[in-house]
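# Overview (structure and organization)
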Amino acid sequence: MSEPGAGWVVTHDGIVWNLRKFELPIRIGRSDDVDVVVKQDTVSRTHALIDWHDDQYYVSDNDSENGTWADGIVLISNQDAALSDGSEIMVGTAKLKYFNDGVNAARYSGSIRNP
């Protein structure tokens, strides 16, 4: 298995999360003890997971109440979806964006914070 590559997630509030800073799988949710924190009522405490296999990152739902989508496709139990540069991840009603490049993640974050 290869080492995880570069990857960043930008949350709906413009915060940039460097995926290499976390142990796998990376937990997304509204709880303060997850890796990528998304403070919205429609997001479960541990809503979704990001993991690395086949030389890329994948997102999966963690039996959440309000669902997880990757690029508009709803994820069902035991299903994951490959993330590519610019992929949109929806956890509940919160929109996140995945980037392979930190510069693009920062630009996108800036467009959210300073429209």
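Heads up: the structure comes first, above all this text.
Presented here is a report on the structure given in the accompanying data block. Note that this is a predicted model, so its numbers are computed, not measured. (Residues numbered from 1 in each chain as written. Predicted model: local features only at pLDDT ≥ 70, side-chain atom pairs only at ≥ 80, totals over all residues. Heavy atoms only, no water.)

Here Asp 61 lies in strand β6 (residues 56-61). Although Asp 61 lies buried, it forms no salt bridge, and the closest oppositely charged side chain, Arg 30, sits 12 Å away as judged by the N-O distance. Engagement of the side chain of Asp 61 in a polar contact is seen with the backbone nitrogen of Asp 63, the distance being 3.0 Å. For Asp 61, the side chain forms a polar contact with the side chain of Ser 64, separated by 2.6 Å. (Helix = DSSP H or I, 4+ residues; strand = E, 2+ residues; numbered from the N terminus. Buried < 20%, exposed > 50% of the residue type's maximum accessible area, 1.4 Å probe, protein only. Lys, Arg positive; Asp, Glu negative; His and termini not counted. Salt bridge = Lys/Arg side-chain N within 4 Å of Asp/Glu carboxyl O. Polar contact = N/O pair within 3.5 Å; in protein donor to acceptor, adjacent residues only side chain to side chain.)

Next up on the list: the packing of aromatic side chains. With the rule as written, the count across this model stands at four aromatic pairs. Centre to centre, the rings of Trp 52 and Tyr 57 are 4.8 Å apart; their planes meet at 70°, and the pair counts as edge-to-face. In terms of burial, Trp 52 and Tyr 57 fall into one category: buried. Relative to Tyr 108, the ring of Phe 99 has its centre 5.5 Å away and its plane inclined at 45°; by these criteria the two rings are tilted. Counting every residue linked through ring pairs, the aromatic cluster contains Trp 52, Tyr 57 and Tyr 98. In this structure, Lys 97 packs its charged tip against the face of Tyr 108, placed 5.8 Å from the ring centre. (Phe/Tyr/Trp six-rings, centres within 6.5 Å; stacked < 30°, edge-to-face > 60°. Lys NZ or Arg CZ within 6 Å of the ring centre and 35° of its normal.)

So, on to unusual backbone geometry. Residues Leu 24 and Pro 25 are joined by a peptide bond in cis, for which omega reads -10°. Phi is positive for Asp 55, close to 65°, though the residue is something other than glycine. Look at Asn 78: it is not a glycine, yet its phi comes out positive at around 65°.

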